[in-house]
Every structure is written in structure tokens, then in C-alpha cells.
Amino acid sequence: MHSSFSSDSEAPMESMILGSAAKGLKTICFTEHLDFEYPSDNNEVLFQVDFDAYTKKLFELKNKYKDVIEVLYGIEFGLIPHLADRYRAVAKAHDFDFIIGSSHLIGGPWYKEDIEFVKEHGFAPETMRHGDPYEKEFWEGRPADVICEAYFQTIIDNIRAYKDFDTYAHIDYVIRYAPEKNKGYTYKKYADILDEVLKTIIHENLALEINTAGYKYGLGQPNPQADILKRYRELGGEKITIGADGHKPEHIAYDFKKAEDLLTGLGFKYYTVFRKRRPVMLPF
């Protein structure tokens, strides 16, 4: 979950802890967003973390509520291959319980018109990975199939460049914001590249996240959807982490019962919690 230490949340950390305890959760993990080189139209610095303030507040509240709920210390890296060394340094500098790897930004040949923006902000023009499918404008005049394929490819590229994290988040995040959401989106349609994504995750001994925000966004399914989870298991994947991607107290543990029923129905017997970067497999 996220708090006001992430640029896209205004929720005080304590409100997220109290909301979690009120819902009966026994363990939670804050995974604030760190996305180096995230674009901004007004030169605002987005998705950077004040680690001194974040760490101080988390451990203060962890101690305050230790008899009520277990609070774990995490981070979500918005990965881009050329930033691997910067993320590696952050991972080394902090005693995280849990690191999420995720893809938020996509680049491609359609970004040639943005080269001046890229140069102005000190990014390497050849990277030009600064388009977030969250933005409506991102989709204008661009084929949805091409964007989806490009997004899935970012996951493979990111893992090849950087592997020091624990789970890969919302691997079909791109579908949340597609013009027609998940209309016409199936595992089968992208099976070749999704299989490569899943095999890469399994080969590197990473976990796969089931992110229940997909229900919140009206997809009728989590990210990733059931057929992808089924295929992950068929390929030998076992480690599953569960997150609601909550940015407000009302989104805590969003539709977790649906996620549990889905996973057990697919044959998963365990979910995974990380403490000090070590996986703990817990039965449903």
C-alpha cells in the first residue's frame, strides 16, 4: 500500500495503518513509489521518496502499533533498464522487507516528437521511455495492440537489466487505462509475449503480484487476469504476493476475498509475504 510519501497519495501513513487494523489485517507493507525520471509537464518532481522522513515515520508507527499490526518496510521501483544502477544503490542503502518491481512507463518510435522535452530534462534521447498509459493523451492516435505489446516487452527488458527485487507488480497494468479497458483483452491474444514474461519471472525466482485494484478500476478482474495466473501456475510459478495497491484507507484489502477465491480455485495453496527480503509462504 501507499501513503502520502508517494506522490499519488494524500493519505497519512497512520490512517492507512488504522484502516488496516480496522479491517482485521495482521500484516501490511508500505511500498512507496520511486520512479526515477518520471515525466512532468510543469517541472514538478514526481514519485521520488524522502527516505529520511519515510523511514523515520514508518519505524515510529511500526513501534507504536506493534501489538496491533505488523508494519513492514518496502518500496516500489518503477523500473527502466538504464536506471538499474540507481535502483541497485537504493536497494543496498536501505534495509527493506520487500521490494516491488513495476513498469509504469513505455517508450517507442512515436516519442520522436518529444525529443526536445527529453533533452531539456537531461534524459538520454535514446531511452525516451517516458509515456505512462495512465494518461489519456498517451493513447491518442496510437494502436492499442502495439502499446500493450510494448508494455509487456518493458517487463522483460526491465528484468534483464535489474533483478534485485521480490515481486513484479500488475503485469497487465496497461489494460486499466486502455480506451476500452479490457474489452477484447485476453491471455490468448498476447500469449507469446505473456509466456515470455511469466517464464522470465519464474526463471529469476521472482514472485508474481495479484493486484486487486483491477476490480476497483472496473475491469471485473485483478491484474493480472485469471488466465494469466492460471498460465503462471502451469509454467511452474508458485510465489504469489497479494496487494490492493491502496492509496486511500477505503481501498485497503480491496476485494481480497475475491482474490483468495480466484487463487484457490486455480490451485494455489499459498501466498507469499517478504520479511527482510526473505519469502515466507503462508497457506490460504
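The rules behind each value
- Residues numbered from 1 in each chain as written.
- Predicted model: local features only at pLDDT ≥ 70, side-chain atom pairs only at ≥ 80, totals over all residues.
- Heavy atoms only, no water.
- Axes fitted to C-alpha atoms, helices over the stretch in contact; angles between N-to-C directions.
- Helix = DSSP H or I, 4+ residues; strand = E, 2+ residues; numbered from the N terminus.
- Left-handed = near helix turned anticlockwise from the far one by under 90°.
- Contact = heavy atoms within 4.5 Å.
- Nonpolar A, V, L, I, M, F, W, Y, C, P; charged D, E, K, R; others polar.
- 1 Å grid on protein atoms, 1.4 Å probe; cavity = no way out; pocket = protein on both sides within 12 Å on 5 of 7 lines; lining within 4 Å.
- Points joined across faces, edges and corners; volume = space filled by probe spheres on them.
- Buried < 20%, exposed > 50% of the residue type's maximum accessible area, 1.4 Å probe, protein only.
- Arc of directions from axis to C-beta.
- Core = buried A, V, L, I, M, F, W, Y, C linked by side-chain atoms within 4.5 Å.
- Pairing = 2+ DSSP bridges.
- Lys, Arg positive; Asp, Glu negative; His and termini not counted.
- Salt bridge = Lys/Arg side-chain N within 4 Å of Asp/Glu carboxyl O.
- Polar contact = N/O pair within 3.5 Å; in protein donor to acceptor, adjacent residues only side chain to side chain.

## A few points about the packing of helix α1 (residues 13–22) against helix α2 (residues 51–64)
To characterise two packed helices, one gives the angle between the axes of the helices and the distance between these axes.
Point 1. Packing of α1 against α2 leaves a shortest axis separation of 10 Å and a crossing angle of 35 degrees. Remark: the crossing between α1 and α2 carries right-handed chirality. In this structure, α1 uses Met13, Glu14 and Ile17 to contact α2, whose residues at the interface are Tyr54, Lys57, Leu58, Leu61 and Lys64.
Point 2. Tallied by class, residues from the contact of α1 with α2 come to five nonpolar, no polar and three charged.

## Side note on the layout of surface pockets
Take a probe with the size of a water molecule and roll it over the atoms, and the empty space left behind shows itself.
Point 1. For the second largest pocket, the calculated volume is near 780 Å³.
Point 2. No other element matches strand β7 (residues 270–275), which puts five residues into the lining of the second largest pocket.
Point 3. Looking at the lining of the second largest pocket, its residues break down into 18 nonpolar, ten polar and six charged.

## Considering α1
Point 1. If you check which residues of α1 are buried, you get Met13, Met16, Ile17, Gly19 and Ser20. Each buried residue of α1 lies within a common arc of 165 degrees when the element is viewed along its axis, so the set occupies one face.
Point 2. Next to the buried residues of α1 lie β1 (27–34), α2 and β2 (70–78).
Point 3. A positive phi of about 85 degrees marks Gly24, the residue just after α1.

## Describing the nonpolar core
Point 1. One finds Phe30 and Phe77 to be the most contacted residues of the largest nonpolar core, which totals 76 residues.
Point 2. Here this core gets seven residues from one element, more than from any other, and that element is helix α5 (residues 144–161).
Point 3. Listed in part, the eight residues of the second largest apolar core include Cys29, Phe98, Ala169 and Phe274.

## Observations regarding the sheet that holds strand β5 (residues 207–211)
Point 1. Spatial strand order, β1-β2-β3-β4-β5-β6: six strands in an open sheet with parallel pairing. The open sheet has two free edges, formed respectively by β1 and β6 (240–243), since each of these has just one partner strand.
Point 2. Pairing geometry for β1 and β2, over eight bridges, is parallel. Note that in β2 the partner of Thr27 across the bridge is Glu70.
Point 3. Across the sheet, helix α3 (residues 84–93) is in contact with β1, β2 and β3 (98–102); its angle to β2 comes to roughly 165 degrees.
Point 4. On the sheet, helix α8 (residues 226–234) packs against β5 and β6 and is oriented at approximately 160 degrees with respect to β5.

## Re the environment of Gln48
Point 1. Counting through the fold element by element, Gln48 comes out in the loop between β1 and α2.
Point 2. Taking C-alpha positions, Gln48 is 7.0 Å from His33, a pair spaced 15 residues apart along the chain.
Point 3. Among residues more than four places away in sequence, those in contact with Gln48 are Phe5, Ser7, His33, Leu34, Asp35, Phe36 and Glu37.

## A few points about the side chain of Asp132
Point 1. By secondary structure assignment, the location of Asp132 is in the loop between α4 (115–120) and α5.
Point 2. Despite its burial, Asp132 pairs with no opposite charge, the nearest such side chain being Arg176 at 8.8 Å.
Point 3. Of the polar contacts made by the side chain of Asp132, one reaches the backbone nitrogen of Tyr134; its length is 2.9 Å.
Point 4. Not counting chain neighbours up to four residues away, the residues in contact with Asp132 comprise Tyr38, His104, Leu105, Phe138 and Tyr173.

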